[in-house]
Amino acid sequence: LDHSNSSHRQLTTAPRYRPADSFESPRFTGVRTFMRLPALQTTDDVDAAIVGLPFDTGVSFRVGARFGPEAIRSASVLLRPFHPELDIDIFEHLSVVDYGDAPVAPGFIEDSYDRITRYLEPIHAAGVVPIAPGGDHSIVLAELRAAAQVHGPLALVLFDSHPDTWDRYFGHPYFHGTPFRRAVEEDLLDTSRSTMIGLRGALYERADWEQARALGFELIPASELHRNGLAGVPERVRQRTGDHPVFLSFDIDFLDPAYAPGTGTPEVGGFSTWQAQELLRGLA
């Protein structure tokens, strides 16, 4: 599908950009791009673009996520195009490129927001879907600013152990615990269509979750998922979202630290990689 001008039409030719053929060249060769996709900053004949957001000085504890896009690209060379659970060869339907990394200014969060937003805006304007590995979760505000320029206020589907709706931290309005409060204040989100999934962990006070509910988000805590199972959750999310434009954000600390120990704020009692896959596939 071509998403130009937010419309949909069938392509008359096969998708143009796909990964290198690993039967022709081994997967350990070549420049590290996501899934060995072509490294191109173009939106012509492109459906989705991988865009790294290597910024991590919005965190309050452990940094290091600036190396996330690089590490994800390196690991992704082992991915193959056919998805057996969904019974689809992705690149028979989608043309995808690795668009590179957005420019950031380490240590300067508001400047980095502006740079990321400017980098993403033409991608959205061309009707291309950016898939953006980070980076700490503060970057999501810049992503939402770019997306809302084209799509208007978005439904949010968030996989996270924290709602990230604090007002301030050490007196400052921007860090990885505030992006969704700022997004609501800037009218980037339609909270009546938005869901936060997997919340858990110790809190400073009861208000840490209550303020997210007061902003209009629906919260599905980890304890509810563990006790009641995953069945029905994707449908519940889809019904709340409806046919509204949706932004999906996946914080790595949704996974239990047994599966993802490198996150900046690990929270025990999380989810396995298989459970995450099941929930994501259920949203297809």
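Criteria and thresholds
Residues numbered from 1 in each chain as written. Predicted model: local features only at pLDDT ≥ 70, side-chain atom pairs only at ≥ 80, totals over all residues. Heavy atoms only, no water. pLDDT = per-residue confidence, 0-100. Contact = heavy atoms within 4.5 Å. Pairing = 2+ DSSP bridges. Helix = DSSP H or I, 4+ residues; strand = E, 2+ residues; numbered from the N terminus. Axes fitted to C-alpha atoms, helices over the stretch in contact; angles between N-to-C directions. Salt bridge = Lys/Arg side-chain N within 4 Å of Asp/Glu carboxyl O. Buried < 20%, exposed > 50% of the residue type's maximum accessible area, 1.4 Å probe, protein only. Arc of directions from axis to C-beta.

Draft legend 1. Broad picture of the confidence of the model for the protein chain. Per-residue pLDDT for the protein chain averages 93, and the proportion of residues at 70 or more is 95%. In the predicted structure, residues 1–12 sits below a pLDDT of 50 and forms 18 contacts with residues beyond four places in sequence or in another chain.

Draft legend 2. Region of the structure containing the sheet that holds strand β9 (residues 246–250). Overall, parallel pairing links the 4 strands, which are arranged β8-β7-β6-β9 in an open sheet. Across the chains shown, the open sheet's two edge strands, defined by having one partner strand only, are β8 (218–221) and β9. The mean angle between the axes of side-by-side strands here comes to 15 degrees, regardless of whether they run parallel or antiparallel. Examined bridge by bridge, strand β7 (residues 195–199) and β8 share 4 bridges and lie parallel to one another. Counted as the bridge partner of T195 is E218 from β8. Sheet strands in contact with helix α7 (residues 233–241) are β6 (155–159), β7, β8 and β9, and its direction is about 170 degrees off that of β8.

Draft legend 3. How the structure looks around the pattern of salt bridges. Applying the stated rule across the entire model yields 16 salt bridges. Notably, a salt bridge pairs D101 with R73, separated by 2.8 Å at the nearest N-O pair. Of the two residues, D101 is situated in strand β4 (residues 96–101) and R73 in helix α1 (residues 68–76); the sequence distance between them amounts to 28 residues. With a shortest N-O distance of 2.8 Å, E218 and R236 are connected by a salt bridge. Of this pair, E218 sits in strand β8 while R236 sits in helix α7, and the two are 18 residues apart along the sequence. Each of E218, E224, R236 and R240 takes part in one network of salt bridges that share partners.

Draft legend 4. Structural detail: helix α8 (residues 273–282). Of the positions making up α8, those classed as buried are Q275, A276 and L279. Looking straight down α8, one finds its buried side chains confined to an arc of 100 degrees; they lie on one side. As for α8, its buried residues are in contact with β6, α6 (222–228), α7 and β9.

Draft legend 5. Molecular detail of the sheet that holds strand β5 (residues 129–131). As summarised here, the arrangement of the 3 strands in space is β4-β1-β5, forming an open sheet in which the pairing is parallel. Each of the sheet's edge strands pairs with one partner strand only, and the pair in question is β4 and β5. Neighbouring strand axes in the sheet, compared pairwise and without regard to direction, differ in orientation by 30 degrees on average. Across 4 bridges, the pairing between strand β1 (residues 48–52) and β4 is parallel. Its bridge partner lying in β4, I50 is registered against D98. This element, α1, spans β1 and β4 of the sheet and lies at about 145 degrees to β4.

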